[in-house]
Amino acid sequence: MSLNSLIRMLVYCALAAPAIATGAETYPTRPVRMIVAVPPGGPADILARLVGPRLTDALGQTVVIDNRPGANGNIAYEMAAHAVPDGHTFVLVAAGVAINPSLYREVRYDPVRDFAAITLGIAVPNILIVHPSVPATSVPELIALAKSRAGQLTFASAGNGTSGHLALELFKQRAGMDAVHVPYKGGGPALVEVVAGQVQALFSLALAATPQIKAGRVRALAITSGKRSPVAPELPTVAELGFPGFEVIGWFGWLAPAKTPRGIVARLNAEIVKALQVPDVRERLLSQSTEPVGNSPQAFTAFISSEHDKWADVIRRAGIRMD
């Protein structure tokens, strides 16, 4: 090869390198699949179907919603982790993506190493509620009641390992109290039992609890977000009631397979964040008692890592295991 030919080849490679590195110039070249780790209905599916059409318009290719529920999301997460990293497959995940590796003995993905974070989509706070017959109108009074009736106060949850269950375990650890955990097969049945007075308390997703609170069927004591929430601004946070740093939120966000080109991740991030800021999207999400977020890939990666570490410690101390 002549010196001139070698120089031309090196110049071509240098000019082509940014395009190869970002991969965004020609993306997408075919329909894009958004895997959703839950069945149709509920906050995550609503989020996917609000953002999906706007992504279709922005990307110029159809974004297909592919619901793959099961195994607390692990089916969808493993499928996405092992997909071709070209941006044509990504996944809408729930908090379980960071929690499951500590709950299950066999999880075939790492929540940080095997994914490229795109953005956190929405946060879904829990509300601590009690049946009106419970003689406690505040968190301190509930803790005092639990300590005076050691092992007698009952808390429902949507099931072992759910955000409500983990909120209870963290609350017990921070408050130094005991309570009986009563798991149900879903948040609906758990809430029904608290409304009926069969179980005394529950950390319920705000979406489900708000109508019952407004109807006076349950009493709200606090919200589990890090700061007061627009979902229920009148409610104090657990953190401000003597438990600094206490934060338990359900959340949903988007991940791509690891090694997806940075330019494609940046493109998806920009378009999804833009969609979350559309007024009618924000209004619809807030009406569902969920808070739109939209952050950077770096911030979402750090958040997932911190969630994994926090819940791994709570789960270990509580001895929770899902097999």
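What you are looking at is a predicted structure, and each value in this text was computed from that prediction instead of being measured.

K.L.:
Honestly, the overall build of the protein chain in this entry has me stumped. Any pointers?
P.N.:
Scanning the protein chain for helices and strands turns up eleven helices and ten strands. Each of the three principal axes of the protein chain carries a C-alpha extent, and together these read 90 × 40 × 30 Å. For the protein chain, buried positions account for 51% of its 323 residues. Partitioning the intrachain contacts of the protein chain with sequence separation of at least 6 by distance along the chain shows that 78% fall at a separation of at least 24. Accessible area of the protein chain: about 14300 Å², with a carbon and sulfur share of 56%. With 29 positive and 24 negative side-chain charges, the protein chain shows a spacing of 1 Å between the two charge centroids.

K.L.:
Please explain the environment of R317 as it appears in this structure.
P.N.:
For R317, the position within the fold is in helix α11 (residues 297–318). Since its relative accessible area comes to 52%, R317 is described here as exposed. Once the C-alpha coordinates of R317 and L92 are considered, the two residues, 225 residues apart in sequence, prove to be 29 Å apart.

K.L.:
What's the story with the packing of aromatic side chains in this structure? I'm lost.
P.N.:
Each pair of aromatic rings is reported with the distance of its centres and the angle of its planes. Under the criterion given, the structure shown has eight aromatic pairs. For the pair F155 and F203, a centre-to-centre distance of 6.0 Å together with 20° between the ring planes defines the contact as stacked. Taken as a pair, F155 in strand β5 (residues 154–157) and F203 in strand β7 (residues 201–205) lie far apart in primary sequence, 48 residues in all. Between the aromatic rings of F171 and F246, the centroid separation amounts to 6.3 Å while the plane-to-plane angle is 85°, which identifies the pairing as edge-to-face. Of the two residues, F171 sits in helix α6 (residues 163–175) while F246 sits in the loop between β8 (219–223) and β9 (249–257), which places them 75 residues apart along the sequence.

K.L.:
Where do I start with helix α3 (residues 74–81) in this structure?
P.N.:
For an α-helix the count is 3.6 residues per turn, leaving residues at separations of three or four pointing the same way. Most of α3 is tucked away, with six of its eight residues classed as buried. The set of residues buried in α3 consists of N74, A76, Y77, E78, A80 and A81. Packing partners of the buried residues in α3 comprise β1 (32–36), β3 (89–94), α4 (96–103), β4 (115–130) and β9.

K.L.:
Is there a simple way to think about the confidence of the model for the protein chain in this case?
P.N.:
Low-pLDDT stretches of the model should not have their predicted coordinates read in fine detail. For the protein chain, the mean per-residue pLDDT works out to 91, and 92% of the residues sit at or above 70. Below pLDDT 50 for its whole length, residues 1–21 participates in six contacts with residues either more than four positions away or in separate chains.

K.L.:
Explain the pattern of salt bridges to me, please; I cannot follow it from the model alone.
P.N.:
Think of it this way: side chains of opposite charge can pair up when their charged atoms draw near. Under the defined criterion, the tally for this structure stands at 15 salt bridges. Where R33 meets D66, a salt bridge forms, and the shortest distance between an N and an O atom there is 3.1 Å. Separated by 33 residues along the polypeptide, R33 in strand β1 and D66 in strand β2 (residues 63–67) bring together distant segments of the chain. The class of D66 is buried, set by a relative accessible area of 14%. R68 is the salt-bridge partner of D66, the closest N and O atoms lying 3.0 Å from each other. Connected via shared salt-bridge partners are R33, D66 and R68.

K.L.:
How should unusual backbone geometry be read in this particular structure?
P.N.:
Most peptide bonds take the trans configuration, and most residues that are not glycine carry a negative phi. Backbone torsion omega between Y27 and P28 reads -10°, so that peptide bond is classified as cis. Tracing the chain through its elements places P28 in the loop between α1 (3–22) and β1. One non-glycine residue with positive phi stands out, namely N72, at about 55°. Structurally, N72 is set in the loop between β2 and α3. Backbone geometry places S289, a non-glycine residue, at a positive phi of 60°. You can see S289 is positioned in the loop between α10 (279–287) and β10 (291–292). Overall, the relative accessible area of 7% leaves S289 in the buried class.

K.L.:
What should I look at first to understand the pairing of β7 in this one?
P.N.:
Within a regular strand, side chains alternate between the sheet's two faces. Most of β7 is tucked away, with four of its five residues classed as buried. The sheet contact formed by β5 and β7 spans two bridges and is parallel. Bridge pairing in β7 links A156 to L202.

K.L.:
Explain the nonpolar core to me, please; I cannot follow it from the model alone.
P.N.:
One broad rule of soluble globular proteins: the nonpolar side chains tend to lie buried together. Grouped together as the largest cluster of nonpolar side chains are 90 residues, with contacts concentrated most on F155 and W251. Tallying contributions element by element places β4 first for this core, with ten residues. In contact with F155, not counting residues within four places along its chain, are L128, L142, L168, M177, A179, V180, H181, V182, V199, A201, L202 and F203. By size, the runner-up hydrophobic cluster in this structure holds 16 residues, among which are A190, V199, L202 and I223.

The rules behind the values
Residues numbered from 1 in each chain as written. Predicted model: local features only at pLDDT ≥ 70, side-chain atom pairs only at ≥ 80, totals over all residues. Heavy atoms only, no water. Helix = DSSP H or I, 4+ residues; strand = E, 2+ residues; numbered from the N terminus. Buried < 20%, exposed > 50% of the residue type's maximum accessible area, 1.4 Å probe, protein only. Contact = heavy atoms within 4.5 Å. Areas by Shrake-Rupley, 256 points an atom, 1.4 Å probe, with all protein chains shown as cover. Lys, Arg positive; Asp, Glu negative; His and termini not counted. Charge placed at Lys NZ, Arg CZ, Asp CG, Glu CD. Phe/Tyr/Trp six-rings, centres within 6.5 Å; stacked < 30°, edge-to-face > 60°. pLDDT = per-residue confidence, 0-100. Salt bridge = Lys/Arg side-chain N within 4 Å of Asp/Glu carboxyl O. Pairing = 2+ DSSP bridges. Core = buried A, V, L, I, M, F, W, Y, C linked by side-chain atoms within 4.5 Å.

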